[in-house]
Amino acid sequence: MEVTHSIRERTITENSLVVLLQGIHGHVTTVDLRDESMAKGRIVNVDAFMNIRLAEVVYTDRYGRATHLADFFVTGRNVRYVHIPDEVNIIKTIESQLQKIHRVRNFGGEGQGRKEYLKYKK
Amino acid sequence: MRSTGGGWVCTCSKSKAWSDCRRRKRNIQPGKIISEDNMVLLKNVTPPCEGVRYQQSETTAVLDGKGLGSGTLYVAENRLSWFDGTGMGFSLEYPSISLHAISRDVSAYPQEHLYVMVNAKLSEEGGAAEESEMKEKDSEGEQDESDEDTDPITEIRFVPSDKAALEPMFSAMCECQALHPDPEDDDSDSDFEGDEYDVEEAEQGQGDVPSFYTYEEGLSRLTSEGQTTLERLEGMLAESVAQQYHMAGVRTESAAADFEDGMEVDTGSAVAGQFEDADVEH
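Basis of the calculations
Residues numbered from 1 in each chain as written. Chains lettered and ligands numbered in written order. Predicted model: local features only at pLDDT ≥ 70, side-chain atom pairs only at ≥ 80, totals over all residues. Heavy atoms only, no water. Helix = DSSP H or I, 4+ residues; strand = E, 2+ residues; numbered from the N terminus. Contact = heavy atoms within 4.5 Å. Core = buried A, V, L, I, M, F, W, Y, C linked by side-chain atoms within 4.5 Å. Buried < 20%, exposed > 50% of the residue type's maximum accessible area, 1.4 Å probe, protein only. Phe/Tyr/Trp six-rings, centres within 6.5 Å; stacked < 30°, edge-to-face > 60°. Pairing = 2+ DSSP bridges. Polar contact = N/O pair within 3.5 Å; in protein donor to acceptor, adjacent residues only side chain to side chain. Salt bridge = Lys/Arg side-chain N within 4 Å of Asp/Glu carboxyl O. Axes fitted to C-alpha atoms, helices over the stretch in contact; angles between N-to-C directions.

Peer 1: Teacher, can you tell me more about the overall build of chain A here?
Peer 2: From N to C terminus, chain A includes three helices and five strands. Along its sequence from the N terminus, chain A presents helices and strands in the succession α-α-β-β-β-β-β-α. Residue pairs in contact within chain A that sit at least 24 positions apart in sequence constitute 48% of those at least 6 positions apart.

Peer 1: How should I be thinking about the nonpolar core in this particular structure?
Peer 2: Soluble, globular proteins show a tendency: their nonpolar side chains are buried together. In this structure, B:Leu80, B:Phe90, B:Leu114, B:Ile156 and B:Phe158 are the most contacted members of the largest nonpolar core, which totals 30 residues. The biggest single contributor to this core is helix H2 (residues 166-178) of chain B, with seven residues. Of all hydrophobic cores here, the second largest spans 23 residues; its members include A:Val18, A:Tyr59, A:Val88 and B:Met117.

Peer 1: Whenever I open this one, the packing of aromatic side chains confuses me. Can you help?
Peer 2: Working definition: an aromatic ring pair is given by the centre-to-centre distance plus the angle between the planes. Residues and elements named next belong to chain B. Tallying each qualifying case throughout the model produces four aromatic pairs over all chains. Measuring from ring centre to ring centre gives 6.2 Å for Phe90 and Phe158, while their planes differ by 25°; the resulting arrangement is stacked. Residue Phe90 is found in strand E8 (residues 89-93), and its partner Phe158 is found in strand E11 (residues 154-160); the two are separated by 68 residues along the sequence. On the basis of relative accessibility, which here comes to 2%, the residue Phe90 falls in the buried class. Among the aromatic side chains, those forming a connected cluster through ring pairs are Trp82, Phe90 and Phe158.

Peer 1: Is there a simple way to think about the pairing of strand E2 (residues 38-46) of chain A in this case?
Peer 2: Taken residue by residue, a regular strand's side chains alternate between the two faces of the sheet. All names here are of chain A. Bridge count between strand E1 (residues 28-33) and E2: five bridges; the pairing is antiparallel. Along E2, the bridge assignment pairs Val31 with Ala39. Connecting the antiparallel pair E1 and E2 is a turn made up of four residues, with Glu36 showing a positive phi of about 70°. Alignment of E2 against strand E3 (residues 52-60), held across seven bridges, turns out to be antiparallel. Residue pairing across strands places Arg42 opposite Ala55, the latter belonging to E3.

Peer 1: In this structure, what is going on with the side chain of B:Lys121? I would like to understand it.
Peer 2: Residue and element names in this part refer to chain B. Relative to the assigned elements, Lys121 resides in the loop between strand E10 (113-118) and E11. At 2.9 Å, the side chain of Lys121 and the side chain of Asp64 are in polar contact. A distance of 2.7 Å separates a polar side-chain atom of Lys121 from the backbone oxygen of Ile153.

Peer 1: Would you mind showing me how to read the pattern of salt bridges here?
Peer 2: Residues and elements named next belong to chain B. Applying the stated criterion across every chain yields a total of 10 salt bridges over all chains. Residue Asp64 is joined to Lys121 by a salt bridge in which the shortest nitrogen-to-oxygen separation is 2.9 Å. Placement of Asp64 in the loop between strand E5 (52-63) and strand E6 (66-76) and of Lys121 in the loop between E10 and E11 is noted, with a sequence separation of 57 residues between them. Judged by relative accessible area, which is 6%, Lys121 ranks as buried.

Peer 1: Would you take a moment to explain the sheet that holds E10(B) for this structure?
Peer 2: Across a sheet, strands are paired by hydrogen bonds formed along the backbone, either parallel or antiparallel in direction. Spatially, the 12 strands line up as an open sheet ordered E5(A)-E1(A)-E2(A)-E3(A)-E4(A)-E9(B)-E10(B)-E11(B)-E5(B)-E6(B)-E7(B)-E8(B), and their pairing is antiparallel. Edge positions in the sheet fall to strand E5 (79-82) of chain A together with E8 of chain B, since each of these pairs with one other strand and no more. Across the sheet, the axes of successive neighbouring strands diverge by a mean angle of 30°, strand direction being ignored. Bridge count between E3(A) and strand E4 (residues 66-74) of chain A: eight bridges; the pairing is antiparallel. Bridged to A:Ile52 within E4(A) is A:Val74. The strands touched by H2(B) are E3 and E4 of chain A together with E5, E6, strand E7 (79-84), strand E9 (97-103), E10 and E11 of chain B; relative to E9(B), the strand with the most contacts, the crossing angle is about 160°.

In structure tokens form, the structure reads like this:
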């Protein structure tokens with residue numbers, strides 16, 4: 001998954017569990033919404049504000065009626081749960097996403113590197 | 001509002017003539033979009049001209065099952081709007097949109113369309129600009145479900161004549177929605193708003209971004225002028241405390257040792273800050 005170009009979003013992401021959601025792009029899973037409806041589909045993108053875009057979705061509304069939607073976007077505000085698929089290794093996913101973010105910061109060029117991070121030691 | 005032969009024609013479903021319309025009887029100006037509880041939600045009803053990411057003409061709008069006819073959908077950065085050719089239409093603020101989706105399942109709805117769920121109840125031609133606090137049901141509306149106990153929602157379907165437009169309509173809405181993050185979300189309040197945490201700067205401060213000096217550090221950084229001022233103030237404190245050393249039974253000498261927050265006044269007889277009585281002005 002491409003690391004966002006927005007510094008603000010990167011900062012928000014690495015300080016919250018959204019970083020995990022950004023690591024499961026491509027997986028099929030269920031998103032429970034605030035109004036007790038559910039959307040099950042393939043995760044296309046999750047941004048720092050937990051806005052979620054899904055593809056090939058079965059959407060079950062709060063009354064239990066299911067419909068099929070080709071593309072689906074829900075605002076982060078309306079997300080209650082995102083089910084993490086069983087096959088996902090949560091710790092490894094978080095670590096690898098954080099590494100991607102740090103790589104973006106460390107490499108110079110294209111205005112994305114910040115030299116002070118060369119000194120940063122874990 | 002459409003004008004016919006001198007009288008306004010109201011687009012409200014209940015009556016044809018503006019003069020008969022109960023909205024007029026409630027003294028609502030034409031051209032304002034209102035909700036059932038008389039709240040004026042939007043001030044302008046003109047199509048947006050700035051920040052339009054995508055627009056699609058020949059698009060029918062269906063609001064809670066009621067068709068509004070064909071018009072143009074404008075996906076702008078500030079709001080989502082739809083207007084028919086006569087000036088009737090509505091606008092939605094992105095924070096009021098819970099979700100949007102492309103539906104291609106013709107067994108569920110006969111036309112491929114863009115589905116939008118708004119977290120408020122709208123009147124027929126109205127627009128919701130705000131989060132729904134409205135408990136009142138829209139008694140004029142045709143509703144698919146009863147909303148007494150749950151949050152009211154409005155379902156809008158935009159049916160373009162050109163089905164290939166659905167993808168760019170959807171994507172444009174995604175982009176614009178991302179421009180309106182939830183302001184109430186405390187979790188994403190970042191301590192480092194906009195600026196990435198500067199590690200080198202932090203390392204110099206031994207992990208803390210220094211915002212104040214301890215007493216020892218501070219003393220060493222005082223200019224001579226600053227030192228003079230400090231001595232003068234300490235003198236004033238000492239005078240005032242000397243007059244009060246009986247107060248509260250606190251012994252000045254031993255109390256001074258208790259203050260380790262760098263605010264000790266090192267004159268040997270003063271209690272820093274503790275008894276700033278009215279005698280001394282600082």
